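Chain by chain, the residues:
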Amino acid sequence: MRTILVTGATGGIGDAVCHQLAKSGYALVLAARNMEKLKTLSERLAGSGHQCLSLDMTNDEAIGLFASQLSEKGIVLDGVVLMPPQAHSTNDPMPGSQAWRELFQSCFIGPLEVLKAAIAAMKPDPAAGRRAKIVIISGISSAQVLGHYATSNVLRCAWVGEAKTLAFALGSRGIHVNTLSLGGTLAPWYREGIEKRAHAAGMTFDQRLAEETSNIPLGKYGEPAEVAIAVEGLLSPFSDHMTGLNIMHDGGFTRSY
Ligand SMILES: NC(=O)c1ccc[n+]([C@@H]2O[C@H](COP(=O)([O-])OP(=O)(O)OC[C@H]3O[C@@H](n4cnc5c(N)ncnc54)[C@H](OP(=O)(O)O)[C@@H]3O)[C@@H](O)[C@H]2O)c1
């Protein structure tokens, strides 16, 4: 049985990813800060043998503890779905230096330490057909400037650079590293945002949704279940000759080639 670490497991997208992977027979290591929620999720998943590990990706001590638990429990990982905490939307392209330090710690340096611990728990053997797959969940500001995601524009590019660099460094060991860049995806918090904007504009949810998605070729936001299927594909033999890619999951919204 293949074992996959999913961070952000209890979130709108994490929940869908975990259900999809468990249904397909993967054993999961579920990580997030709230242990109660992790346990509830684990009980609802198909299959057995799922494990819950508490993890605050912004905190060095918590990450150290997480890394030692992975190793003490003898967990061998065949894959990781890494969901770095998302920077809040902002129009300010020049926050102060302390704000940048905190953003890089929370959204890049901390999650990268988690990824290093996960890589240390992988034992791929490409000659024997055993490959390990890393999927980093990113956003479409990795490929274009979004005015209201001024800090994300930078942090997402850092992840694309890191993923590409790791793909070169780890490829010969049979470790694949790809980023999946999401456009608007209807996690509960994202739906709430649409609800609020609809209310403010005196519209229904469906009217606002239609307006917001009118410039997306497929005319819709993504569903967490659609992300889950894409993630499963990237963890599967579908990606056996694919690494270092930044794949858009955005209904065709991104205009760059
Ligand atoms: N939804 C979208 O439209 C969209 C678009 C682009 C990219 N994304 C990316 O997709 C990923 C998942 O987003 P989502 O929409 O599912 O968000 P969400 O519903 O808010 O879920 C966030 C998840 O991350 C966990 N988490 C938050 N802070 C954490 C921390 N410091 N350390 C460890 N875990 C933490 C949360 O659990 P705890 O609070 O218990 O820790 C939860 O499981 C994120 O990386 C986000 O940037 C989403």
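Here's the deal with the pairing of strand E1 (residues 3-7)
Argument step 1. By the criterion of burial, E1 is predominantly enclosed, with five of the five residues buried.
Argument step 2. Burial along E1 is two-sided: Thr3, Leu5 and Thr7 and Ile4 and Val6, pointing in opposite directions, are all buried.
Argument step 3. Summarising the sheet, E1 and strand E2 (residues 27-32) pair through five bridges and their orientation is parallel. When the bridges of E2 are listed, Ile4 appears paired with Leu28.

Some points on the domain arrangement of the protein chain
Argument step 1. Considered domain by domain, the protein chain is made up of domain 1 (3-185 + 227-249) and domain 2 (187-221).
Argument step 2. Averaged C-alpha coordinates put domain 1 and domain 2 at centres separated by 27 Å.
Argument step 3. Across the contact, five residues belong to domain 1 and five residues belong to domain 2.
Argument step 4. At the boundary of domain 1 with domain 2, total buried surface from both sides reaches about 410 Å², with 64% on carbon and sulfur atoms.
Argument step 5. For domain 1, the biggest contributors to the area lost against domain 2 are Gly12, Gly184 and Thr185; these three give 77% of the whole.
Argument step 6. The interface formed by domain 1 and domain 2 contains zero salt bridges.
Argument step 7. Counting every contact that joins domain 1 to domain 2 gives one residue pair in polar contact (both at pLDDT 80 or more).

Quick word on the pairing of strand E6 (residues 175-182)
Argument step 1. Counting buried positions over the eight residues of E6 gives eight, a clear majority of the element.
Argument step 2. Alternating positions in E6 separate into two faces, Ile175, Val177, Thr179 and Ser181 on one and His176, Asn178, Leu180 and Leu182 on the other, with burial throughout.
Argument step 3. Considered for its hand, the β-α-β crossover made up of strand E5 (residues 132-139), helix H5 (residues 152-170) and E6 is right-handed.
Argument step 4. Strand direction decides the pairing type here: E6 and strand E7 (residues 246-249), joined by four bridges, are parallel. By the bridge assignment, Leu180 is partnered in E7 with Ile247.

Cut-offs used in this document
- Residues numbered from 1 in each chain as written.
- Predicted model: local features only at pLDDT ≥ 70, side-chain atom pairs only at ≥ 80, totals over all residues.
- Heavy atoms only, no water.
- Buried < 20%, exposed > 50% of the residue type's maximum accessible area, 1.4 Å probe, protein only.
- Helix = DSSP H or I, 4+ residues; strand = E, 2+ residues; numbered from the N terminus.
- Pairing = 2+ DSSP bridges.
- Domains from an automatic or database assignment.
- Contact = heavy atoms within 4.5 Å.
- Buried area = accessible area lost by both parts, 1.4 Å probe.
- Salt bridge = Lys/Arg side-chain N within 4 Å of Asp/Glu carboxyl O.
- Polar contact = N/O pair within 3.5 Å; in protein donor to acceptor, adjacent residues only side chain to side chain.
- Right-handed = clockwise from strand over helix to strand, strands pointing away.

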